[in-house]
Amino acid sequence: MAQTEETSRSPQLDARYRLAEQMRKAGERVDELQRNEYLIFQHPGRFCFGMDAVLLSGFVRIKPGSRVLDLGTGTGILPILLEAKTQGEHFTGLEIQEESADMAARSVAVNGLSDKIAIRVGDIKEAGRLFGAASFDVVTSNPPYMTAEHGLQNPELPKAIARHEVLCTLDDVVREAACVLKPQGTFFMVHRPFRLAEIVRTLSEYGLELKRMRMVHPYVDREPNMVLLEASKGGRPRVAVEAPLIVFKEPGVYHEDITGIYGY
């Protein structure tokens, strides 16, 4: 999501860019999210959000008045997009890396969202202790996909933490989500299809029943490389498998699934 040309900016967006430039730190860039003229700070040397976070934001269902927690929020992309797209009452992002949390907090501030979004520095493994049991209606997560056995870890620690289970595991994420969710609350996650059996087993172990699933394919003739999941705390066993989501029609050209549903 590239920056908007300065000549096409509204007065509000232009003012927001000027403020962002004052708040931007060395090595960071400012990107426009194409939602409500919101901006986000990112650092290419650390970790920038990808398509998975955007797709998860479109898959999530939030009822008006809901309180939402994002586990491992990174630069705050999910809370910011969900605030723009839904009528949730309040959003909290939990992030263990202080530099990422700082960027997230500044993104919240530059968009004037401090009354709707809170960024907390903390460990996913401690979410239950930090927030208390049954504190949220919805929990979201775009967790690390790879275990230590899955491929080479990025030598840059911030990127390794985001991609590999360095500081938390799938079990940690699901356990803490189940703890902080209210009865009948919903958990949304994006992950890799090759871990689906493990994911379903782990959800069930912590009382989260898989309710909805959608496979994401990079192209119509390729295997899925992501899966979007919705689980309910204490829900009955019944799963709706939605039609596959296709990202690209051809290299560099989004499929109608993306342009129609997500507006990008």
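Residues numbered from 1 in each chain as written. Predicted model: local features only at pLDDT ≥ 70, side-chain atom pairs only at ≥ 80, totals over all residues. Heavy atoms only, no water.

1. Some remarks on the overall build of the chain
Looking only at helices and strands, the chain features nine helices and 13 strands. Across the chain, contacts joining residues at least 24 apart in sequence account for 68% of those joining residues at least 6 apart. Carbon and sulfur atoms make up 51% of the accessible area of the chain, which amounts to about 12,200 Å² in all. (Helix = DSSP H or I, 4+ residues; strand = E, 2+ residues; numbered from the N terminus. Contact = heavy atoms within 4.5 Å. Areas by Shrake-Rupley, 256 points an atom, 1.4 Å probe, with all protein chains shown as cover.)

2. Thoughts on the environment of Tyr219
Residue position: Tyr219 is located in the loop between β8 (208–217) and β9 (226–233). Residue Tyr219 is classed as buried on the basis of its relative accessible area of 18%. Look past the residues within four positions of Tyr219 in its chain and what remains in contact with it is Ile246, Phe248, Lys249, Glu250 and Pro251. (Buried < 20%, exposed > 50% of the residue type's maximum accessible area, 1.4 Å probe, protein only.)

3. Digging into the pattern of salt bridges
One side chain can pair with another of opposite charge once the charged atoms of both are near each other. The tally for this structure, following the rule as stated, stands at 21 salt bridges. Because the salt bridges share partners, they merge into one network encompassing Lys25, Glu28, Asp102 and Arg106. (Salt bridge = Lys/Arg side-chain N within 4 Å of Asp/Glu carboxyl O.)

4. Topic: the nonpolar core
Membership of the largest hydrophobic core comes to 35 residues, with the highest contact counts inside it found for Leu33, Leu55 and Leu228. Of all elements in the fold, only α2 (51–59), α3 (77–85), α4 (98–110), β5 (117–121), β7 (181–191) and β9 reach the threshold of two or more residues within this core. Beyond its immediate stretch of four places on either side in the chain, Leu55 contacts Val216, Met226, Leu228, Leu245, Val247, Ile258 and Tyr262. Among the nonpolar cores identified, the runner-up in size contains 27 residues, and Val139, Val173, Val174 and Leu229 belong to it. (Core = buried A, V, L, I, M, F, W, Y, C linked by side-chain atoms within 4.5 Å.)

5. Some thoughts on the packing of helix α1 (residues 11–23) against α4
Where α1 meets α4, the closest approach of the two axes is 10 Å, and the angle between their N-to-C directions is 150 degrees. The orientation of α1 with respect to α4, classified from their angle, is roughly antiparallel. Here the hand of the crossing between α1 and α4 comes out right-handed. Only Arg106, Ala109 and Val110 of α4 make contact with α1, whose side of the interface consists of Arg16, Leu19, Ala20 and Met23. Of the residues contributing to the contact of α1 with α4, the split by class is five nonpolar, no polar and two charged. (Axes fitted to C-alpha atoms, helices over the stretch in contact; angles between N-to-C directions. Parallel < 35°, antiparallel > 145°, perpendicular 65-115°, else oblique. Left-handed = near helix turned anticlockwise from the far one by under 90°. Nonpolar A, V, L, I, M, F, W, Y, C, P; charged D, E, K, R; others polar.)

6. Examining the pairing of β9
Most of β9 is tucked away: seven of the eight residues are buried. Pairing geometry for β8 and β9, over eight bridges, is antiparallel. Considered in β9, the bridge of Met213 is made with Leu229. (Pairing = 2+ DSSP bridges.)

7. Brief notes about the side chain of Glu28
Note that Glu28 resides in the loop between α1 and β1 (29–32). A distance of 2.6 Å separates the side chain of Glu28 from the side chain of Arg106, its partner in a polar contact. Those residues in contact with Glu28 that lie beyond four places of it in its chain are Phe41, Gln42, His43, Met103 and Arg106. (Polar contact = N/O pair within 3.5 Å; in protein donor to acceptor, adjacent residues only side chain to side chain.)

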